[in-house]
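Here is how the chains run, residue by residue.
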Amino acid sequence: GDEAKLVGGDGGRRNLTLADVRSWGEHTGVRQKYTFMDAKGRIPSSKWARWGPGTYKGGDYWESENGLLRSLKLIEKMWKDEGILRPEGPNDLVVFYCGSGWRSSLAWVISKLLGWENTMNYDGGWFEWTTTHKNASRHRIEILGPVEPPPPPPFLLPEDKDACQ
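Cut-offs applied
- Residues numbered from 1 in each chain as written.
- Predicted model: local features only at pLDDT ≥ 70, side-chain atom pairs only at ≥ 80, totals over all residues.
- Heavy atoms only, no water.
- Helix = DSSP H or I, 4+ residues; strand = E, 2+ residues; numbered from the N terminus.
- Contact = heavy atoms within 4.5 Å.
- Areas by Shrake-Rupley, 256 points an atom, 1.4 Å probe, with all protein chains shown as cover.
- Salt bridge = Lys/Arg side-chain N within 4 Å of Asp/Glu carboxyl O.
- Buried < 20%, exposed > 50% of the residue type's maximum accessible area, 1.4 Å probe, protein only.
- Axes fitted to C-alpha atoms, helices over the stretch in contact; angles between N-to-C directions.
- Parallel < 35°, antiparallel > 145°, perpendicular 65-115°, else oblique.
- Left-handed = near helix turned anticlockwise from the far one by under 90°.
- Nonpolar A, V, L, I, M, F, W, Y, C, P; charged D, E, K, R; others polar.

Caption draft 1: Molecular detail of the overall build of the chain. Broken down by element type, the chain carries six helices and four strands. Of the regular secondary structure in the chain, the N- to C-terminal order runs α-β-α-β-α-β-α-β-α-α. Considering only residue pairs separated by 6 or more positions, the chain has 70% of its internal contacts joining residues 24 or more positions apart. For the chain, the computed accessible surface area is about 8700 Å², with 52% contributed by carbon and sulfur atoms.

And the structure:
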């Protein structure tokens, strides 16, 4: 289907959550590191699903030193803290997006590992929204400007530390 139409609010679902899986700088519109597009900002009303410090450097979903996926409970808590909640009914939908689809696909897989239903990956992401979609010139964008990012999450929740010993 046409994810851009759905993300733009024409999908017929009442409770749409757009989850932006990009760095804080990308989410706020301060910077991005892609060489193939210039657009900065975010899709209006999207919530920050975290990623890491930069376009090509993640770390919020896994431990950078060893590549281990963070606790699924921790990731779900990170999302909840940003207003991204488990879809509870047939009218709820969470759509993950990033710059071009590869980061948001990881978030979508994690949502499925968490047992979330009614989630999608907007694989065209920010690039499609701002550049390649037939209506890109009419799509709205938001820019927050320079804002201090929230602190990085701890690797393990206190209740998970006992399970790892």
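Picking up after the structure, the text goes on.
Caption draft 2: Looking closely at the pattern of salt bridges. This structure, assessed with the given rule, holds six salt bridges. Across the pair R103 and E26 runs a salt bridge whose closest N-O atoms are separated by 2.8 Å. Here R103, found in helix 4 (residues 102-113), pairs with E26, found in helix 2 (residues 24-28); they are 77 residues apart in sequence, far enough to count as distant. An identical accessibility class is assigned to R103 and E26; each is buried.

Caption draft 3: Quick look at the packing of helix 3 (residues 72-81) against helix 4. Between helix 3 and helix 4, the shortest axis-to-axis distance is 10 Å and the interhelical angle comes to 115 degrees. For the element pair helix 3 / helix 4, the angle class is roughly perpendicular. Two packed elements cross with a definite hand, and for helix 3 against helix 4 that hand is left-handed. Between helix 3 and helix 4, the residues in contact are L72, I75 and W79 and A107, I110, S111 and L113, respectively. Here the contact of helix 3 with helix 4 is built from residues that sort into six nonpolar, one polar and no charged.

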